[in-house]
2 protein chains.
Amino acid sequence: MIEDLDTELDKVNVEAIIITGQSTSGNPSLTYVCGCNIPRGGLYIKKAGEDPLLIVGDLDIGSAKKGLVKNVLSSSHYNYLQLIQDHGIDEARIRMYDKVLKELGVEKKIILSGMIEAGQAIDITRRLEQQGYEVLAEPDLIERVRRTKSSHELDLIADVANKTEVVVRKTLEMLRNSSVSGDTVQYKQTSLTVSDVKAFINRKLVETNLLAVHDTIFAPGPDGADPHNHGTPERKIKTGIPIVFDIFPQDISSGYCFDTTRTFVIGNASKEIKTMYEDVAVAQQTALDQITAGTDGQVISKSVCEILEKRNHKTPLYYMKHPGMAMEEGFIHGLGHGVGLTIGEMPYLSFTRKSILAEGDVVTVEPGVYYPGKWGIRIEDTVAVEKTGHRNFSTLEKSLELK
Amino acid sequence: MIEDLDTELDKVNVEAIIITGQSTSGNPSLTYVCGCNIPRGGLYIKKAGEDPLLIVGDLDIGSAKKGLVKNVLSSSHYNYLQLIQDHGIDEARIRMYDKVLKELGVEKKIILSGMIEAGQAIDITRRLEQQGYEVLAEPDLIERVRRTKSSHELDLIADVANKTEVVVRKTLEMLRNSSVSGDTVQYKQTSLTVSDVKAFINRKLVETNLLAVHDTIFAPGPDGADPHNHGTPERKIKTGIPIVFDIFPQDISSGYCFDTTRTFVIGNASKEIKTMYEDVAVAQQTALDQITAGTDGQVISKSVCEILEKRNHKTPLYYMKHPGMAMEEGFIHGLGHGVGLTIGEMPYLSFTRKSILAEGDVVTVEPGVYYPGKWGIRIEDTVAVEKTGHRNFSTLEKSLELK
């Protein structure tokens, strides 16, 4: 939580943190500390133990004042235009940073954060070092602060969850109301394609004020066998074949995300598909049953692998024993990841890393199995970890056959 | 152009460039060199004078192979999972980088690029330095390469331009077909709000495969006086008041962007508004007339300021003479910026920086004037600079009164 920022700064023993970027868009650290959208970004500087200062261009003063930072100043207060004119943009930036840091009485140890070009981060660091500052490498500090969601943030995530599930329900309803000719699904007299379904989903997302920044996965049959295939647009929707429907939109106003996956078959599923679906469903339920503060995500991941291996699926446990072998079939990704202002953040539920769950964590739980040339099956919920147990934001039923 | 990458590497005398990031989304440098969308990003390494190598997770091999890089390898080729298990993610990354660099025979001077957390860029740099590499700070190298668009890129931008203008035309058509009650615009028996118009625009964008990553500006009256106000959702659309309609979507498939603004009044405009519109239109035409390879963007910007000052608007020239004064009214932003895989890149047409236009540059030309409490007026085209003159991608008519 934002209240933890001072504690984290204390832990690494720095005097101040600078967070910057050309926009809050795509810049979760800056969005988080500013608590609002600032189109052209800005410069957030917080001295440890003191209130932060936010410097933005004149154009963004109005946007910036809607956020969490009380002390908002214009860059014209620092004659930024004249500095650029006299010294060029790279040096002008450092002169402004230096002036602000000196005014705050910051002398040496600082952290630089925010989503920026790597080359720019290096340039800023070198120039600050020339001015006598020591810039610590702290890649995860703000992500650690962001990890624990406040009750207000949980409300915002619940809101995105509700909106997203409305979109999913409407999409499944449309598919349920379609007719079938042979093994091809028809809607309004024509064969339905992935592209048609996505257009439907996108219209519903827009109506709900959601943005699919990274698109949506609607992957029938072989498309679904690659966990990152978003669905071949011209592929016709057929009966009897698993379709992976993974949707992870962001709320345009709040910036918070939600992530959920259901896999289903239109019409009847074969025994092979039913068995695999059951394997994944059992694995997911076993994982969910363990989600509570204090549990290790690595332990949960391993138990999921063990269940799936017993049911004859390869998993990371298998691949670790066979180095160099490409992970192409079975369970071939992590079990889950944090969700908040991004759809991939701390904590990560992975078989490679210890990760003790804590109250306020929001994570996905998403086992899946993949068989190239055939299909994929994945079931995903997003849950908030509580002191005892968890709150599941996903309320969509888990049933294989859509009838 | 991508062909210029070796020339740029030569100029700064480095052996190799590393471009990385967690995704190509929001990471134009990585998108550009890969020439495709890679959901989980990857590691692009190019030794000067040689073909590049792209390393991605197993899941992204399929996506990566659709792009420009012929030599695509899986991170499992480097036992990346085991490295993470043994050394943690930050050190595992460096061990893989080091192995690849050594295999390529790179010994010392390298560049790091890509949109990543500043703290991570610093961490990677420090660790590479410990391994004996020298990491140069080159914030703009890839942006310089991206600046000159190939004819294929110009085609892609022309395509986004066409699609965007279809959306604008449909929106204006809807407004033209609305009725008026008193000074309030009605559509289907209810008062039309900014929110209604934006919902209409968003539906049309979706239908056209465009994504408004940074929203759309539809800013009537006082909203338009702040160049970055996107429009108050509940504000009713009224006649006789300037509305700034600035739309800058990205094509979901190609990643290329377009940017255009029209300002219009529904019904009749007052004499004051007509005069201001004429001021901006004349300023824009004067700027457009100068757009050709070899001209300095700073000179064009100054000529626009001079025209607007003669017509009694404050401009950056005025504010430069009054340091510390907030830029709140008149012409208060740059004249234009490059457009490509982002909606803000080189070259910048600014009164603070010299910037010689070159063939293949794609830039906006967008003077505007703003009067707090009243309205804003801005007209924006996006053009490609040619050896002689330019190609204007914007074909929408410029007329103030929508009737």
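Residues numbered from 1 in each chain as written. Chains lettered and ligands numbered in written order. Predicted model: local features only at pLDDT ≥ 70, side-chain atom pairs only at ≥ 80, totals over all residues.

All right, on to the interface of chain B and chain A then. A common way to express how large an interface is: the accessible area buried when the components associate. Of the residues lining the interface, 55 residues belong to chain B; the matching set on chain A comes to 55 residues. Every element with two or more residues in the side of chain B that touches chain A is listed here: α3 (61–65), α4 (80–87), β5 (109–113), β6 (115–117), α6 (118–130) and α9 (194–207) of chain B. A total of eight residues in the side of chain B that touches chain A trace back to one element, the largest contributor, which is α6(B). Partitioning the side of chain B that touches chain A into residue classes produces 24 nonpolar, 21 polar and ten charged. Here three bridges tie strand β6 (residues 115–117) of chain A to β6(B), and the two strands are oriented antiparallel to one another. Across the sheet, A:Ile116 pairs through a bridge with B:Ile116, a residue of β6(B). (Contact = placed C-beta atoms within 7 Å. Helix = DSSP H or I, 4+ residues; strand = E, 2+ residues; numbered from the N terminus. Nonpolar A, V, L, I, M, F, W, Y, C, P; charged D, E, K, R; others polar. Pairing = 2+ DSSP bridges.)

On to the domain arrangement of chain A, then. Residue and element names in this part refer to chain A. By the assigned domains, chain A splits into domain 1 (2–146) and domain 2 (148–402). Facing the seven residues of domain 1 at the interface are seven residues of domain 2. Counting only elements with at least two residues in the side of domain 1 that touches domain 2, the list comes to α2 (28–34) and α7 (141–147). Taken together, the residues that form the side of domain 1 that touches domain 2 break down as two nonpolar, one polar and four charged. (Domains from an automatic or database assignment.)

A few words on the sheet that holds strand β3 (residues 53–56) of chain B. The strand order β4-β3-β2-β1-β5-β7 (chain B) describes an open sheet built from six strands, whose pairing is mixed. Strand pairing shows two members of the sheet lacking a second neighbour, β4 (71–74) and β7 (134–136) of chain B, which therefore form its edges. Each neighbouring strand pair of the sheet contributes to a mean axis angle of 25°, computed without reference to strand direction. Alignment of β3(B) against β4(B), held across four bridges, turns out to be parallel. By the bridge assignment, B:Ile55 is partnered in β4(B) with B:Leu73. Strands β5 and β7 of chain B of the sheet are contacted by helix α6 (residues 118–130) of chain A, whose axis makes an angle of about 115° with β5(B). (Axes fitted to C-alpha atoms, helices over the stretch in contact; angles between N-to-C directions.)

What follows deals with the pairing of strand β19 (residues 368–371) of chain A. All names here are of chain A. Here β19 pairs with strand β20 (residues 375–378) via four bridges, running antiparallel. Bridge pairing in β20 places Tyr-371 opposite Trp-375. Taking the residues between adjacent antiparallel strands as the criterion, β19 and β20 are bridged by three residues, where Gly-373 takes a positive phi near 85°.

Take unusual backbone geometry next. At the junction of A:Met346 and A:Pro347, the peptide bond is cis and its omega measures out at -5° in the coordinates. Looking at the secondary structure, you find A:Pro347 in strand β17 (residues 345–349). For A:Asn79, which is not glycine, the phi dihedral falls at a positive 50°. Even without glycine at this site, B:Asn209 takes up a positive phi of about 65°.

Overlaying chain B on chain A yields an RMSD of 0.0 Å, the required transformation being a rotation through 180° with an accompanying axial translation of 0.0 Å. Here the copies are linked by what is in effect a two-fold axis. When you check the interface residues of chain B against chain A, 98% turn up at the interface there too, and the contact is symmetric in its surfaces. (Least-squares fit on C-alpha atoms with pLDDT ≥ 70 in both.)

We now examine the packing of α6(A) against α6(B). Relative orientation of the contacting elements α6(A) and α6(B) amounts to 75°, with a least axis distance of 8 Å. Between α6(A) and α6(B), the angle falls in the class roughly perpendicular. Where α6(A) approaches α6(B), its residues A:Ala118, A:Ala121, A:Ile122 and A:Thr125 are matched on the opposing element by B:Ala118, B:Ala121, B:Ile122 and B:Thr125. (Parallel < 35°, antiparallel > 145°, perpendicular 65-115°, else oblique.)

So, about the environment of A:Ser254. Within the fold, A:Ser254 resides in the loop between β14 (250–251) and β15 (260–266). Counting along the chain gives 218 residues from A:Ser254 to A:Cys36, while the straight-line C-alpha distance between them is 8.1 Å.

A word on the sheet that holds β15(A). Residue and element names in this part refer to chain A. Strands sit in the order β12-β13-β15-β23 across an open sheet of four strands; the sheet is mixed. The sheet terminates laterally at β12 (217–220) and β23 (401–402), the two strands that pair on one side only. Pairing of strand β13 (residues 243–247) with β15 involves five bridges; the strand directions are antiparallel. Within the sheet, the bridge partner assigned to Phe-245 lies in β15 and is Arg-262. Relative to β13, helix α8 (residues 151–176) is tilted by about 155°, and along the sheet it contacts β13, β15 and β23.

The subject of this paragraph is α4(B). All buried positions along α4(B) are accounted for by B:Tyr80, B:Leu81, B:Leu83 and B:Ile84. The buried side chains of α4(B) occupy one side of the element, clustering within an arc of 165° when seen end-on. On its buried face, α4(B) sits against α12 (316–321) of chain A together with α5 (89–104) of chain B. Phi turns positive, to about 85°, at B:Gly88, one or two residues after α4(B). (Buried ≥ 20, exposed ≤ 12 C-beta atoms within 10 Å, placed from the backbone. Arc of directions from axis to C-beta.)

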